[in-house]
Each structure stands twice: as structure tokens, then as C-alpha cells.
Amino acid sequence: MISDKQHINLHLDAHTVGLDVPRDQEPNYRYAADLLNSRYQYYLKLRPNASAEQLWMYTALEMAVSLQSDARDKSLVPIEKELAELNKLIEKTIKQ
């Protein structure tokens, strides 16, 4: 029987993280690790004297803000659709 999970090792800066992840999510985990490493390197260049702990805090904070913004934007989609429909109805009513 094939397991629905697979073991992967991700490299985050100087650390290796071993995880058992759903097979269909493996590319997402690898992409996320690449994204984190990229942002970590950005902050390392920006603040070369910062500790690794500080750099990871900057990285985590940026990712959390991005996640929160994405969630807020997604939650507005149904409202925006309703507003568009209401605007059409108002415009139609005004033209009559």
C-alpha cells in the first residue's frame, strides 16, 4: 500500500527540517522553504549584523503579514461581487 505521506528534508538556512507531508503537498512545502530562504537572505543583506534569531523573526513577521493580507483579500471577493451586482442594479434603475 502506498502511503499518502512522504518524508522530505527541507533546508532552511543552516538547518535541515525533516517532515512527513502529504504527497500532493510536497511541491508546496519545497516552494515555501525556497521562499523563506529567499526572504531570510534579503534580511541578512539588509541587516548583516543581526543574529539568526532576529533574521528569522523578520522573515516570520513578513510571511505572517502576507498571509493575513491574502486572507483579508480573499474574504472581500464575495463582497466585491455583491457590490458590483448592486451597482449594476442601481445604474439600471437610474437609467429607467
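The coordinates are above.
Below: a short report on this structure.

Looking now at the packing of aromatic side chains. The tally for this structure, following the rule as stated, stands at three aromatic pairs. Between Tyr 43 and Tyr 58, the aromatic rings sit 5.5 Å apart at their centres with planes inclined by 20°, giving stacked as the arrangement. Residue Tyr 43 is found in helix H1 (residues 26-46), and its partner Tyr 58 is found in helix H2 (residues 52-95); the two are separated by 15 residues along the sequence. Residue class for Tyr 43 comes out buried when judged on its relative accessible area of 13%. Within the aromatic cluster, the residues linked to one another by ring pairs are Tyr 42, Tyr 43 and Tyr 58. Here the guanidinium or amino end of Arg 39 rests over the ring plane of Tyr 42, the centre of that ring lying 4.3 Å away.

Here we come to unusual backbone geometry. One non-glycine residue, Asp 13, lies in positive phi territory at about 55°. Inspection of the secondary structure puts Asp 13 in the loop between strand S1 (5-12) and strand S2 (15-22). Here Asp 13 falls in the partly exposed class, since its relative accessible area comes to 34%.

This next bit is on the pairing of S2. Along any regular strand the residues' side chains alternate between the sheet's two faces. Bridge count for S1 against S2 is eight bridges, and the pairing is antiparallel. Note that in S2 the partner of His 7 across the bridge is Asp 20. Turn length for the S1-S2 hairpin, with the two strands adjacent in sequence and antiparallel, is two residues, and the turn residue Asp 13 shows positive phi of about 55°.

So, about the environment of Thr 59. With respect to the secondary-structure elements, Thr 59 resides in helix H2. For Thr 59, a relative accessible area of 0% translates into the label buried. With residues up to four places along the chain from it excluded, the contact list for Thr 59 reads Leu 36, Arg 39, Tyr 40 and Tyr 43.

In this structure, Ile 8, Leu 10, Leu 12, Val 21 and Ala 33 together form the largest nonpolar core, which totals five residues. A per-element tally of this core places S1 first, with three residues. In this view, Val 21 contacts Asp 4, Lys 5, Gln 6, Ile 8, Glu 26 and Tyr 29; residues no more than four positions away in its chain are not counted.

The end-to-end C-alpha distance of H1 is 30 Å, a good match for the 30 Å that 21 residues give at a rise of 1.5 Å each. Along H1, the residues classified as buried are Glu 26, Ala 33, Asn 37, Tyr 40 and Tyr 43. Projected down its long axis, H1 carries its buried residues within an arc of 130°, all on one side. In H1, those exposed residues whose orientation departs by more than 90 degrees from the buried face are Tyr 31, Asp 34 and Lys 45.

Cut-offs and rules
- Residues numbered from 1 in each chain as written.
- Predicted model: local features only at pLDDT ≥ 70, side-chain atom pairs only at ≥ 80, totals over all residues.
- Heavy atoms only, no water.
- Phe/Tyr/Trp six-rings, centres within 6.5 Å; stacked < 30°, edge-to-face > 60°.
- Helix = DSSP H or I, 4+ residues; strand = E, 2+ residues; numbered from the N terminus.
- Buried < 20%, exposed > 50% of the residue type's maximum accessible area, 1.4 Å probe, protein only.
- Lys NZ or Arg CZ within 6 Å of the ring centre and 35° of its normal.
- Pairing = 2+ DSSP bridges.
- Contact = heavy atoms within 4.5 Å.
- Core = buried A, V, L, I, M, F, W, Y, C linked by side-chain atoms within 4.5 Å.
- Expected span 1.5 Å × (residues − 1).
- Arc of directions from axis to C-beta.

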